[in-house]
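Below are the chains, spelled out letter by letter.
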Amino acid sequence: MPWDSLLKEYVNDQGRVDYLRWQQESVRELDQWLAAMRPTEWSSFERDEAIACLINLYNALTIQQVLQKYPIASIRPQFLGMPNWLAFLQFFNRKIYTLNGQVVSLNGIEHKILRRKFQDPRIHFALVCASIGCPLLRPEAYLADRLMVQLEADAYRFINNPDKVRYESASQTLYCSKIFKWYKTDFLTVADAIAAYVNHYRTDVELPKTVTVTYLPYNWSLNQRTSS
């Protein structure tokens with residue numbers, strides 16, 4: 001799969017993307033793969049095939065949008081020192097791809113299809129919006145026959161990354177990525193509380209029954225790396 005090869009070439013194990021080299025060498029390859037992919041019959045796919053297809057599509061379209069504008073420091077542009085929220089929202093809301101005969105946006109893929117139809121909160125550890133605050137971009141594509149293993153590994157990696165989730169025993173405070181705040185309802189479909197969901201994946205000591213959950217600032221800086 002071209003998408004898999006591109007990820008292996010331009011993404012490192014820390015989820016950082018070599019946008020400069022990708023832009024110089026393989027923009028056309030990504031564009032051609034997206035044009036040829038056209039998963040118009042995704043709704044007839046088996047569940048795992050559909051989820052893998054849509055996650056790959058979301059992440060590839062995100063990369064494509066960044067490459068079209070690169071060099072940029074963030075997908076959240078600044079205007080006179082303040083966020084230009086219209087441009088920021090357009091990154092997610094602009095309709096950029098034809099899927100099942102309808103032109104969709106990144107938000108359409110995430111909220112109207114993946115979240116609504118499949119209801120697996122682990123997708124939030126796989127969808128990457130090109131920011132450091134996001135989950136780490138895998139240097140490989142999602143595959144139907146490995147999807148459950150990949151999503152489970154994504155959840156473990158995210159929750160055991162102290163930049164995303166950490167617990168301070170002195171104050172009994174669980175500091176979490178804002179992803180847990182934005183999509184709280186999704187996580188509560190499979191757990192009684194955010195702390196309970198986090199506890200399931202922690203490789204450290206188990207959390208006490210009562211903790212205070214505080215949400216960390218989100219880092220919108222571009223998840224880029226420099227060429228070696």
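Check the entry above for the structure.
Residues numbered from 1 in each chain as written. Predicted model: local features only at pLDDT ≥ 70, side-chain atom pairs only at ≥ 80, totals over all residues. Heavy atoms only, no water.

## Structural notes on helix α5 (residues 85-93)
Here's step 1: Taken together, the buried positions of α5 are Phe88, Phe91 and Phe92. Along the axis of α5, the buried residues cluster in a sector spanning 90 degrees; they form a single face.
Here's step 2: The inward-facing, buried residues of α5 contact α4 (47-69) and α6 (106-118). (Buried < 20%, exposed > 50% of the residue type's maximum accessible area, 1.4 Å probe, protein only. Helix = DSSP H or I, 4+ residues; strand = E, 2+ residues; numbered from the N terminus. Arc of directions from axis to C-beta. Contact = heavy atoms within 4.5 Å.)

## Side note on the pattern of salt bridges
Any two side chains of opposite charge can pair, on the condition that their charged atoms come close.
Here's step 1: Using the criterion set out here, one finds twelve salt bridges in the structure.
Here's step 2: Here aspartate 186 ties to arginine 115 by a salt bridge, and the two come within 2.8 Å at their closest N and O atoms. Of this pair, aspartate 186 sits in helix α9 (residues 184-187) while arginine 115 sits in helix α6, and the two are 71 residues apart along the sequence.
Here's step 3: Judged by its relative accessible area of 22%, arginine 115 falls in the partly exposed class.
Here's step 4: We note a salt bridge from arginine 146 to glutamate 140, for which the minimum N-O separation is 3.5 Å. (Salt bridge = Lys/Arg side-chain N within 4 Å of Asp/Glu carboxyl O.)

## Topic: the packing of aromatic side chains
Here's step 1: For the structure on display, the rule yields 20 aromatic pairs.
Here's step 2: The rings of Phe125, Tyr156, Phe158, Phe180, Phe187, Tyr197 and Tyr201 are connected pair by pair, giving a single aromatic cluster.
Here's step 3: Geometry around tyrosine 175 places arginine 166 over its ring, the cationic atom sitting 5.2 Å from the centre. (Phe/Tyr/Trp six-rings, centres within 6.5 Å; stacked < 30°, edge-to-face > 60°. Lys NZ or Arg CZ within 6 Å of the ring centre and 35° of its normal.)

## Points about the environment of isoleucine 123
Here's step 1: Structurally, the position occupied by isoleucine 123 is in the loop between α6 and α7 (147-159).
Here's step 2: Once residues lying within four places of it in the same chain are set aside, the contact partners of isoleucine 123 are Ile51, Ile55, Leu114 and Arg115.

## Here we look at the nonpolar core
Here's step 1: Counting 71 residues, the largest nonpolar core has Trp22, Leu30, Ile75 and Phe180 as its most contacted members.
Here's step 2: Once residues lying within four places of it in the same chain are set aside, the contact partners of leucine 30 are Trp3, Leu6, Trp22, Ala60, Ile63, Gln64 and Leu67. (Core = buried A, V, L, I, M, F, W, Y, C linked by side-chain atoms within 4.5 Å.)

## What about the pairing of strand β5 (residues 165-168)?
Here's step 1: One ladder, built from four bridges, connects β5 with strand β6 (residues 173-176); its direction is antiparallel. Bridge pairing in β6 links glutamate 168 to threonine 173. (Pairing = 2+ DSSP bridges.)

## A word on the environment of aspartate 192
Here's step 1: Relative to the helices and strands, aspartate 192 is located in the loop between α9 and α10 (194-201).
Here's step 2: A relative accessible area of 79% places aspartate 192 in the exposed class.
Here's step 3: Put simply, aspartate 192 and threonine 214 are 22 residues apart on the chain and 17 Å apart in space, counted from C-alpha to C-alpha.

## Here we look at a positive patch on the surface
Here's step 1: Together, Lys95, Lys112, Arg116 and Lys117 line one region of the surface with positive charge.
Here's step 2: Within the secondary structure layout, lysine 112 lies in helix α6. (Patch = residues over 30% accessible without salt bridge, like charges linked within 9 Å, V, L, I, M, F, W, Y side chains within 5 Å. Areas by Shrake-Rupley, 256 points an atom, 1.4 Å probe, with all protein chains shown as cover. Lys, Arg positive; Asp, Glu negative; His and termini not counted. Charge placed at Lys NZ, Arg CZ, Asp CG, Glu CD.)

## Regarding the packing of helix α1 (residues 2-10) against helix α3 (residues 27-37)
Here's step 1: At a minimum axis separation of 10 Å, α1 and α3 run at an interaxial angle of 150 degrees. Between α1 and α3, the crossing angle belongs to the class labelled roughly antiparallel. Where α1 crosses over α3, the handedness of that crossing is left-handed. Packed against α1, whose contacting residues are Pro2, Trp3 and Leu6, the element α3 presents Glu29, Leu30 and Trp33 at the interface.
Here's step 2: When the residues that make up the contact of α1 with α3 are grouped by side-chain class, the tally is five nonpolar, no polar and one charged. (Axes fitted to C-alpha atoms, helices over the stretch in contact; angles between N-to-C directions. Parallel < 35°, antiparallel > 145°, perpendicular 65-115°, else oblique. Left-handed = near helix turned anticlockwise from the far one by under 90°. Nonpolar A, V, L, I, M, F, W, Y, C, P; charged D, E, K, R; others polar.)

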